[in-house]
Structure formats: structure tokens, C-alpha cells
Protein chains: 2
Amino acid sequence: MSLKREHCNVEGTLREAGLSQTARRVAVLTVMIQADGPLSAGDILKRTDPEQKINKVTIYRILSSFRENRIIRELPTDQGMNLYEMSCRHNPSHPHFYCKTCRTMSCLPPVNLSQAQESFAGQNVFRIDDVHVHVTGVCRQCHRQDKI
Amino acid sequence: MSLKREHCNVEGTLREAGLSQTARRVAVLTVMIQADGPLSAGDILKRTDPEQKINKVTIYRILSSFRENRIIRELPTDQGMNLYEMSCRHNPSHPHFYCKTCRTMSCLPPVNLSQAQESFAGQNVFRIDDVHVHVTGVCRQCHRQDKI
DNA sequence: AAATAAATTGCAATCGAGTTGCATTTTATA
DNA sequence: TATAAAATGCAACTCGATTGCAATTTATTT
């Protein structure tokens, strides 16, 4: 599920999202496009040019703007932190495998949930402890109350 | 997906898990069994008898021991905190719906992922923004390296 | 029932991911 | 080039969760 570098043009992606082309945003988006798996805010900070000395607050704010514009997806982990991955047409939504031991999240091919256990056996998966489907959106109640 | 109170005997559950029967554990497990949806550590604290004055650290340690013994499941949220629900035979693993507006997590009936969008339409779901499948376990690499 | 070791709990301090306020800098537009 | 709006850095802070250690409670034996 790794991204090809010729995919997801940096400048075009920012322009389409209506985000101005700042050196910071270009740096973060370049890291995201070149990543071969979900990254944490700290991972992203480490992978940007040290010369730029990007502040962690800036990383979080850029990630928020990317998430709001659907450029990236946010993946909460069992360890209380978020990982991020590209959300372009070359990287559609898919299951993830989180290893509790090495605390690494890797991508899995999309399959039917009922077939998950067998299907994932061919991946870098030794043992499956839990398959969790998490749906996010807005409930009817909130919609009725015009909270959105 | 709410639990019947006659299900999941408190004393038996603790005994089978090899956990000693302390007043704190009984209180927390009783709250979990009677809950009609996932609860946060704070929720659980609020629902225990104020007379007991349980420390929040104790709540977290009890939740950890319950999780390790598969008595409960831990559900990470988009807001960086965890929710908990019973993980007994009366409450098998199932999808959850998290409303970004009211920040409430509710349970959904188990279905095939490919049918999720249509199936969830009948629930208390106005709009689905994301369906995330999260698989947890141990990867082959960690197993080979005898980290577990 | 009393004694004992092991397990549990409370308290204070701490951790760490993520956020906020505000001053400064950079970008986009005129 | 000037200007307003947006983005960034810095410091302080929030809050869920964790750690160390002393005090208490539990389970077990005498």
C-alpha cells in the first residue's frame, strides 16, 4: 500500500485544497507522500529537513489542516496517539494492522470483515487479537439539533 | 447491544480471571456490566459509589487488569482517550459509531464491511465520514524475534 | 482469631501527545 | 512596494494516563 512518488503532486494537492504554498506545508506533504506507512507527528518532524527547524505546533496545525481538507487520514492507536497517512485516490481507505509488540502500524488490503481473519493470515500478521471497525460521522440526534 | 444485568456474574468473572475480589474491582466491574454503552475512565469513576472515593489511578489499574484478562475491550477514540466495554460472550466484538459532534460512542450490529454504509443507515447515523477497520495483534517479525 | 506475605490502593509527582494565546514572520493580493 | 490576511514560533498549558513509593487490604497459614 506504499505510494509511488509520481503520485499526489504536492503543489496541485495544496492548490486544490485551497491551502497556501508555504515551505512548511510543502515539507510535511512531501514526507507524507513519500512515506511507506502511517506516520506519527514525531515521525514527520524527524523526516523533515533539520535545517527548517519546524516547530511541533506547526506540524500539528498543518496535520489538522490536511485532515480537514481530506488530504490525509488520522488513525488513532491503542497507545493514545495518532498516526497519519495520505488520503488520495491512490491510497483508498483500508484496514490497518497494529503490532502491540513493536508498536508499528502497517497497511492491509481491503477485504470483507467476515473474511478478515483468514485473509490477513497471508500478511505480516502472526496473531490477531482484535478486529475493530470504527465508524465516524454525525449521529441523527446531532443533526436534528442543528449542531452541524 | 446493551447488556442484561443477569449476564456476566461479577464474582465468577473475577474468579475465572484469577483476580482477587476487592471492593474496588467489584465496583468497577458492576458499573461495566450495567453500562449500556462504552464508558471512559472518568465515566466509570462517576458511576461508582462516591462513598468509596476510588482514586483515578486505581480505576486505570483495574481497567488494565480487566483488559489484560479479556474481561473488557479498550476502544481508542479520535479524541485521544479510551472507552471501555464488556468483552464477554454476551457482548461479542462489533463496530462502533463515534459521533464527532456530541463525542458519544454507540454500538452497531456486526455486518460485512462492504455492506457497512447501507446497513448503518438504519441506525442512529446521519452521516458517515469514515469507516476504519483496526486490527490488533502481533506481527510475524516480532514473533520471530521472540519478543513475545 | 492472629500473624504473615503478597497483592492492592492512595497520593503526589510526572509523562507525553496535543492545544492555546500571543507576538512575529511570511504569504497572497492589490 | 505596501498592505491585510494567513502562517509560524515560542512558552505555557491541558488532560488522559502512568510511575514510585508508602500505606492499606486481601488471601493464606498457623
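Presented here is a report on the structure given in the accompanying data block. (Residues numbered from 1 in each chain as written. Chains lettered and ligands numbered in written order. Predicted model: local features only at pLDDT ≥ 70, side-chain atom pairs only at ≥ 80, totals over all residues. Heavy atoms only, no water.)

## A short note on the protein's contact with DNA strand D
- Taken together, 19 residues surround DNA strand D, and among them Thr22, Arg24, Arg25 and Thr58 of chain A together with Tyr60 of chain B come closest.
- The share of sugar and phosphate among atoms of DNA strand D within 4 Å of the protein is 61%.
- Within the side chain of Thr22 of chain A, one N or O atom sits 2.6 Å away from a phosphate oxygen of DNA strand D.
- Between DNA strand D and Arg25 of chain A, the relevant distance is 2.5 Å, taken from a phosphate oxygen to a side-chain nitrogen or oxygen of the residue.
- Going through the elements one at a time, helix H2 (23-34) and helix H4 (56-68) of chain A together with helix H4 (56-68) of chain B are the ones with two or more residues in the surface near DNA strand D.
- A breakdown of the residues in the surface near DNA strand D according to their chemical character gives six nonpolar, seven polar and six charged. (Near = heavy atom within 4 Å. Polar contact = N/O pair within 3.5 Å; in protein donor to acceptor, adjacent residues only side chain to side chain. Helix = DSSP H or I, 4+ residues; strand = E, 2+ residues; numbered from the N terminus. Nonpolar A, V, L, I, M, F, W, Y, C, P; charged D, E, K, R; others polar.)

## Let's talk about the protein's contact with DNA strand C
- Around DNA strand C, 19 residues are found, and the nearest of them are Tyr60 of chain A together with Thr22, Arg24, Arg25 and Thr58 of chain B.
- Within 4 Å of the protein, the contacting atoms of DNA strand C are drawn from sugar and phosphate to the extent of 62%.
- Contact between DNA strand C and Arg24 of chain B: a phosphate oxygen at 2.7 Å from a side-chain N or O atom of the residue.
- A distance of 2.6 Å is found between a phosphate oxygen of DNA strand C and a side-chain nitrogen or oxygen belonging to Arg25 of chain B.

## Concerning H4 of chain A
Residue and element names in this part refer to chain A.
- For H4, spanning 13 residues, the distance from its first C-alpha to its last is 18 Å, which sits close to the expected 18 Å at 1.5 Å a residue.
- Inspection of H4 places Ile59, Ile62, Leu63, Ser65 and Phe66 among the buried residues, and these make up the whole buried set. Down the axis of H4, the sector holding all buried residues measures 160°, keeping them to one side. Opposite the packed face of H4, turned more than 90 degrees from it, sit the exposed residues Arg61 and Glu68.
- Contacts made by the buried residues of H4 are with helix H1 (10-17), H2, helix H3 (41-47), strand E2 (72-76) and strand E3 (82-86).
- Where H4 ends, the next residue or the one after it, Arg70, has phi of about 60°, a positive value. (Expected span 1.5 Å × (residues − 1). Buried < 20%, exposed > 50% of the residue type's maximum accessible area, 1.4 Å probe, protein only. Arc of directions from axis to C-beta. Contact = heavy atoms within 4.5 Å.)

## A word on the sheet that holds E2 of chain A
Residue and element names in this part refer to chain A.
- Pairing in this open sheet of three strands is antiparallel, and the strands run E1-E3-E2 from one edge to the other. Looking along the sheet, the strands with just one partner apiece sit at the ends: strand E1 (39-40) and E2.
- Taken together, the five bridges between E2 and E3 define a ladder with antiparallel strand orientation. Considered in E3, the bridge of Pro76 is made with Asn82.
- Packed onto the sheet, H2 meets E1, E2 and E3 and runs at close to 80° relative to E3. (Pairing = 2+ DSSP bridges. Axes fitted to C-alpha atoms, helices over the stretch in contact; angles between N-to-C directions.)

## Topic: the nonpolar core
- Within the largest apolar cluster, 25 residues are counted, with the highest numbers of intra-cluster contacts made by Phe66 and Met86 of chain A.
- Once residues lying within four places of it in the same chain are set aside, the contact partners of Phe66 of chain A are Leu14, Leu19, Arg25, Val28, Leu29, Ile71 and Ile72 of chain A.
- Val28, Leu29, Ile54 and Ile59 of chain B belong to the second largest nonpolar core, which has 24 residues in total. (Core = buried A, V, L, I, M, F, W, Y, C linked by side-chain atoms within 4.5 Å.)

## What to know about the side chain of Ser40 of chain B
- In this fold, Ser40 of chain B is placed in strand E1 (residues 39-40).
- In contact with Ser40 of chain B, not counting residues within four places along its chain, are Asn82 and Leu83 of chain B.

## A short note on the pairing of strand E2 (residues 72-76) of chain B
Residues and elements named next belong to chain B.
- Burial runs high along E2: five of the five residues are buried.
- The alternating pattern of E2 places Ile72, Glu74 and Pro76 on one face and Arg73 and Leu75 on the opposite face, and all of these are buried.
- Where E2 folds back on strand E3 (residues 82-86), the antiparallel hairpin that results is connected by five residues, among which Gly80 adopts a positive phi of roughly 80°.

## Some remarks on H1 of chain A
- Those residues of H1 of chain A lying buried are Val10, Gly12, Thr13, Leu14 and Ala17 of chain A.
- Within two residues after H1 of chain A, Gly18 of chain A carries a phi angle of roughly 75°, on the positive side.

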